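Below, each chain spelled out in residue letters.
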Amino acid sequence: MERAEKGGGRGCRCSGSWSHRGGLDRWWLWRGGHGSKVVASPNTHQKRWLWARPVPATSVPCPSAGPQRTMKVLLLTGLGALFFAYYWDDNFDPASLQGARVLLTGANAGVGEELAYHYARLGSHLVLTAHTEALLQKVVGNCRKLGAPKVFYIAADMASPEAPESVVQFALDKLGGLDYLVLNHIGGAPAGTRARTPQATRWLMQVNFLSYVQLTSRALPSLTDSKGSLVVVSSLLGRVPTSFSTPYSAAKFALDGFFGSLRRELDVQDVNVAITMCVLGLRDRASAAEAVRGVTRVKASPGPKAALAVIRGGATRAAGVFYPWRFHLLCLLRRWLPRPRAWFIRQDLNVTAAAAA
């Protein structure tokens, strides 16, 4: 076999070694710069001085380049197929919700109101709850016009520790059981440093986390009997932390941890109750927009479309729903970039206004 007395090695593009040009006795050697090299001629086995010149990387094939390129193509194709199957394999049957018994919280405005209207169109029996009775009455009237067979409401303040149990008991009395528990209520707080006080944090944790736990604990026996579903409407801030939303983000992270653990417990106990975690963007409601006015440039998610995504995910017993879909990519990227640079945060955040709030 031919060999080089200086440098050498097996020829490939990544090491820049051998290139055949014009015949077996003419081999050019490149080690990254110009200079004369002693090369053994394959035909005469005599040493010859040849002037080494750089060979473009594209002209020197690497033995491993082909398999590597093939693996990349296969990997990207596989990821694309999985992505397509995840978002387009939809077995949603609207008829499955006809006659379903649904307890829906936070039903007075925004996504909660749109959820109530969608369930009403699909023929579900509803118990709606929210803090404001006047708004609830309006939503109940609209649901009846849309064709809901049964619609009841109960006004309740989830900041009160006694409210969750009374709400579930009311729903059980009116409907005789539950097939869906849709937890959608939120306690908003203005963005800024003042929202980090212990009092504000305690209030947010009660409304946005502890009341969810209480409602679930009280409704779980009925959902177990009916093999029903728990649908938890959360936020991107429960997966990706951001600035100036410390208490709110803490409550949403707590939801993700609690219901993720509960799903595992139900699985190992063979309890057929599905848990669907819904990751939504900024709520399309006046109170949410007012809380972040002048602080963030993020646009609110359209209420009807977000609500429909939640209903489809709950009806198909999906483990997770992301609306808009790009939120799923953001959650995946967080694992690779756990500490994003401040430049990216400032693109959607008015830091000066948030710090002064």
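Just so it is clear, the model here is predicted, and its values are computed rather than measured.

## Topic: the pairing of strand β8 (residues 180-183)
Alternating positions in β8 separate into two faces, Y180 and V182 on one and L181 and L183 on the other, with burial throughout. Sheet topology note: the strand β5 (residues 101-105)/β8 ladder contains three bridges and is parallel. Across the sheet, L104 pairs through a bridge with V182, a residue of β8. As paired elements, β8 and strand β9 (residues 229-235) share four bridges and run parallel to each other. Along β9, the bridge assignment pairs Y180 with S229.

## A word on helix α3 (residues 133-145)
Here α3 spans 19 Å end to end across 13 residues, near enough to the 18 Å set by a 1.5 Å rise per residue. Taken together, the buried positions of α3 are occupied by L136, V139, V140 and C143. Around the axis of α3, the buried residues are gathered within 105 degrees of arc, so they sit on the same side. Those residues of α3 that are exposed and angled more than 90 degrees off the buried face are A134 and K145.

## Quick notes on unusual backbone geometry
Note: most residues except glycine have negative phi, and most peptide bonds are trans. The phi dihedral of D270 is positive, around 60 degrees, even though this residue is not glycine. Here D270 is to be found in the loop between α6 (246-268) and β10 (274-280). The exposure class assigned to D270 is exposed, which follows from its relative accessible area of 69%. Even without being a glycine, R317 presents a positive backbone phi close to 60 degrees.

## What to know about the packing of aromatic side chains
All chains considered together, the criterion is met by two aromatic pairs. A centroid spacing of 6.2 Å and a plane angle of 80 degrees characterise the contact between F209 and F258, whose relative ring orientation is edge-to-face. Linking F209 in helix α5 (residues 198-226) with F258 in helix α6, this pair joins segments that are 49 residues apart in sequence. Residue F258 is classed as partly exposed on the basis of its relative accessible area, which comes to 27%. Here the aromatic residues F209, F258 and F259 are joined through ring pairs into a cluster of three or more.

## Brief notes about the environment of V139
Topologically, V139 is positioned in helix α3. Here the alpha-carbon distance between V139 and A116, two residues 23 residues apart in the chain, equals 7.7 Å. In contact with V139, not counting residues within four places along its chain, are A107, N108, E113, A116, Y117 and L128.

## Description of the packing of helix α2 (residues 110-121) against helix α8 (residues 303-315)
Between α2 and α8, the shortest axis-to-axis distance is 8 Å and the interhelical angle comes to 60 degrees. Taken together, the axis directions place α2 and α8 in an arrangement best described as oblique. Relative to α8, the crossing made by α2 is right-handed. Together, V111, E114, L115, H118 and Y119 of α2 and G303, P304, A306, A307, L308, V310 and I311 of α8 make up the contact between the two elements.

## Structural notes on the sheet that holds strand β7 (residues 151-155)
Pairing is parallel across the open sheet formed by seven strands, whose spatial order is β7-β6-β5-β8-β9-β10-β11. What marks the edges here is a single partner per strand, and that holds for β7 and β11 (320-323). Direction aside, the axes of adjacent strands within the sheet are offset by 15 degrees on average. With four bridges joining them, β10 and β11 adopt parallel strand pairing. Looking across to β11, one finds that C278 is bridged to V321. Strands in contact with α3 are β6 (125-130) and β7; relative to β7, the strand with the most contacts, it is inclined by about 175 degrees.

## Observations regarding the confidence of the model for the protein chain
Model confidence for the protein chain is summarised by a mean pLDDT of 75, while 57% of its residues fall at 70 or above. Between residues 286-298, whose pLDDT stays under 50, and residues either more than four places distant or in other chains, the model counts 23 contacts.

## Some points on the pairing of β5
Most of β5 sits inside the fold, with four of its five residues counted as buried. Where β5 and β6 come together, five bridges link them in parallel fashion. Its bridge partner being in β6, T105 is matched across the sheet by T129. Handedness of the crossover joining β5 and β6 through α2: right-handed.

## Topic: the pattern of salt bridges
Applying the stated rule across the entire model yields two salt bridges. The closest approach of N and O atoms between R101 and D179, which form a salt bridge, is 3.0 Å. Taken together, the positions of R101 in strand β5 and D179 in the loop between α4 (163-175) and β8 put the pair 78 residues apart, joining distant regions of the chain. Relative accessible area serves as the criterion here: at 16%, D179 is assigned to the buried category.

The rules behind each value
- For every chain, the first residue of the written sequence is number 1, and numbering continues from 1 along that sequence.
- For a predicted model such as this one, the threshold for reporting local features is a pLDDT of at least 70, and the threshold for listing and counting side-chain atom pairs is 80 or more; totals across whole chains, interfaces and linings nevertheless cover every residue.
- To get the side-chain values, take all heavy atoms of the structure and skip hydrogens and water.
- We call a residue buried when its accessible area falls under 20% of the maximum for its residue type, exposed when it is over 50%, and partly exposed in between, using a 1.4 Å probe and counting protein chains only.
- Helix numbering and strand numbering both begin at the N terminus, where a helix is a DSSP run of H or I of at least 4 residues and a strand a DSSP run of E of at least 2.
- Only strands that DSSP links by at least two bridges are regarded as paired with each other.
- What a helix should span is 1.5 Å times the count of its residues minus one.
- As used here, the arc belongs to the directions running from the helix axis to the C-beta atoms.
- By convention, a stacked pair of Phe, Tyr or Trp rings (six-membered ring in the case of Trp) has centres within 6.5 Å and planes under 30 degrees apart, an edge-to-face pair has planes over 60 apart, and any other such pair is tilted.
- Contact criterion: two residues are considered in contact whenever any of their non-hydrogen atoms come within 4.5 Å of each other.
- Convention adopted: a line fitted to C-alpha atoms gives each axis, helices being fitted over their contacting stretch, and angles between N-to-C directions are expressed from 0 to 180 degrees.
- Angular relationships are summarised with four words: roughly parallel below 35 degrees, roughly antiparallel beyond 145, roughly perpendicular across 65 to 115, and oblique for the angles in between.
- Should the near helix be turned anticlockwise from the far one by less than a right angle, the crossing is termed left-handed; should it be turned clockwise, right-handed.
- pLDDT expresses how confident the predictor is about each individual residue, on a scale running from 0 to 100.
- Here a crossover is taken to be right-handed if, once the strands point away from the viewer, the path from the first strand over the helix to the second is traced clockwise.
- Whenever Lys or Arg places a side-chain nitrogen within 4 Å of a carboxyl oxygen from Asp or Glu, that contact is recorded as a salt bridge.

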